[in-house]
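Okay, here's what each chain looks like letter by letter:
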Amino acid sequence: MMDYGSFRQLIQRLPLATARLTTDLNPQKMISGIFDPIVLNKPLGSAQASPDESVGPNYPEWDFSLPPVTSGVGPFRPEEGMTFSFSMARLVVGLQQGLDNNKLTQYFSYYRPNTISRSINGTVSGFPGIFYAVATNDEKLIRTWIKYGGDANAVEKMHGFPLLAFSILNTLNLNKDTTAMTTTLLSLGADAGVIPRAFFTPFLQDPPVEGPDPRTVTDINEPKKKWCKRYIWPSLARVINISQRYFLEKTIKDKPASARQNQVALAHSATELLGISYFMIGQTTAASAMIRKFLTHLALPTSKPLVLVFAGPSGHGKTELAKRLGQLLTLELECVDSTEIKYESDLFGPKQPYLGYQQGSPLNNYLTRMSGKRAIVFLDEFEKTTREVQNACLIPFDEGKYVDRRNREAVDCSKTIWIIATNALDQKIVDFCERNPGVFKNDDEEKHSRLMTELEKTLKKQLKHTFGNPLSGRISAVLPFLPFSLGEQAVVAHKYILELKNKVLTPVNLSSGKLVGRVLLHIKSDGAVCKVVATEGYDPDQGARSLQTAVKTRIEEELVHTYLEEDDVISETQPLADYTVDIQRDGTLLIFKSTGTEKSFSD
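A few points on the structure. (Residues numbered from 1 in each chain as written. Predicted model: local features only at pLDDT ≥ 70, side-chain atom pairs only at ≥ 80, totals over all residues. Heavy atoms only, no water.)

**Points about the overall build of the protein**
Secondary structure summary: the protein contains 24 helices and 16 strands in total. Relative to its 603 residues, the protein shows a buried fraction of 50%. In the protein, of all internal contacts separated by at least 6 residues, the share reaching a separation of at least 24 is 73%. By element, 51% of the accessible surface of the protein is carried by carbon and sulfur atoms, the whole surface being about 28800 Å². (Helix = DSSP H or I, 4+ residues; strand = E, 2+ residues; numbered from the N terminus. Buried < 20%, exposed > 50% of the residue type's maximum accessible area, 1.4 Å probe, protein only. Contact = heavy atoms within 4.5 Å. Areas by Shrake-Rupley, 256 points an atom, 1.4 Å probe, with all protein chains shown as cover.)

In structure tokens form, the structure reads like this:
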């Protein structure tokens, strides 16, 4: 007589075998073991449900871990796609075995897009497959997954748990930061409204360790927030860090792209550009203005290239925004340090018959190679060039035409995005912000828009004095980069703390001289800690660089000092050690080796 376990395995096996018998019935596949059932090794405390099961009031508490899955025989190989039908179960096995984005892309390449889109949101072991993708904490992988039709708002059926919440709480499983994954999901359309607001707003304020006062959680009864039961509150309050709170609050406040903006972006393979603000701290206005200009340029094609001026103090995101633009649109970026450019030949190379014309210049050769293609040229500190150099840019900026200095052949640079970065307008921006502190607030959209329009007019007038009428008349838009507000300063400081966390967590390597490693760094009350670092370390003339220095001197050096006070010998096999950064009553920072209840996951 068949026992319950055997009967259950048979039931699980039937739909999988039936589906494959219709298309894949051949001896080779049967021998390969691909007909083996999905075997669920469910850990204690995890829950499992049918994908059609509704969320019930009496389900068991979930420990936020995913049950291991095995399917088929042996390790997953992307080449399986050459022989077997698309299998979400096998793909999940691959994810659990360390499948990276390159191998995921390879596996997808063996199937038609509509085949993938029909199955990509399938469920394995009671969870949508995308949960296993998010569990890898690999944001490149999740971008590919969603590109092929994955749902950024997937929900686990047993507990009604949304994917975004799982991403945040996944740090409990990994002991690693999950901020990049969380912001990536937000940039790809995940609904921030699934997280109760009391956990992330105001973002600079740390939620109490046991969770917010129930009287402040006024939206908990909304259907999409019912997953957030009271037993979850302490865990969520401890792990949701200041950067995640910042981007969640930003998402709630920002105006989403319109249907037509999405349509234009989709038509030109630029949809990921719409999420660029999720990879920038501050500079919301500059990022939004760039998106508007770029979409307008795409919607009404012209031979005139896009020429943007990024104006603002050093260290406030000009280079970062240009790099993100290139990454999100998968465009090559050519950076030119204009401080070294004095003559036209320095920028574009010598003309025939002058010596060296055969080699061209980095920019000349880049424009030639990218002829007719979308590309980005970033001219840093362009105000430090000469009038001769600036005049040499007039035709490329105006007509999108260029001539290769090496062979006199025509080059089409009409699709080139020219970005002129300048510090020449810094004082105008700083003075304007001091006179109009409302420019840092987006609560009154009409007032903020009016102030930004006034600032742009001021900057355009100043540009004429800096670059002259011919060049300034060819500029498509001036994008002001503002000094960071206190909250933004704190989030920038947190960015560098996260980098430090990753650096000290890596193993000790005695042969290379890396003697600090296998350290789990926790930040208790990260909002308060980062506010202290920002208040003491921010210099508006240096921007993010000053905060990077502050993190190094106030946290990194103190951490290493505390680490080196231990008497035991450093070894490559030493156990993981926990260190905590806390803030004392007098506002000073304290770093100590932590155990037990001293540990904090709010990092």
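**As for the sheet that holds strand β14 (residues 519-523)**
Sheet strands line up and pair through hydrogen bonds in the backbone, either parallel or antiparallel. Taken together, the three strands give an open sheet; going across it, the order is β14-β15-β16, and neighbouring strands pair in mixed fashion. At either end of the open sheet lies a strand with only one pairing partner, and these are β14 and β16 (589-593). If you compare each strand with its neighbour and ignore which way they point, the axes differ by 20° on average. Two elements, strand β15 (residues 577-583) and β16, share five bridges in a ladder whose sense is antiparallel. Considered in β16, the bridge of T580 is made with F592. Against the sheet, helix α24 (residues 544-564) engages β14, β15 and β16, with an angle of about 35° to β16. (Pairing = 2+ DSSP bridges. Axes fitted to C-alpha atoms, helices over the stretch in contact; angles between N-to-C directions.)

**Re the side chain of S546**
Among the secondary structure elements, S546 is positioned in helix α24. Judged by its relative accessible area of 5%, S546 falls in the buried class. The contacts of S546, once residues within four sequence positions are left out, are G537, Y538 and D539.

**Notes on the pairing of strand β13 (residues 477-480)**
Of the two faces of β13, the one holding A477 and L479 and the one holding V478 and P480 are both buried throughout. Two elements, strand β7 (residues 306-311) and β13, share four bridges in a ladder whose sense is parallel. Among the inter-strand pairings, V309 is bridged to a residue of β13, identified as V478.

**Re the nonpolar core**
One finds L91, W145, I195, L236 and F310 to be the most contacted residues of the largest nonpolar core, which totals 129 residues. In this structure F310 touches M290, K318, L321, A322, F378, I419, I420, A421, T422, L479 and F481, once residues within four positions along its chain are discounted. The next biggest cluster of nonpolar side chains, apart from the first, holds 40 residues, and it includes Y366, F382, V411 and L482. (Core = buried A, V, L, I, M, F, W, Y, C linked by side-chain atoms within 4.5 Å.)

**Looking at the sheet that holds strand β12 (residues 416-422)**
A sheet is described by the order of its strands in space; here five strands give the open sequence β8-β9-β12-β7-β13, paired in parallel fashion. Each having just a single partner strand, β8 (333-337) and β13 make up the two edges of the open sheet. Across the sheet, the mean angle separating the axes of adjacent strands is 20° when strand polarity is ignored. In terms of strand pairing, β8 meets strand β9 (residues 375-380) through five bridges, oriented parallel. Each bridged residue has a counterpart across the sheet, and for V336 the counterpart in β9 is L379.

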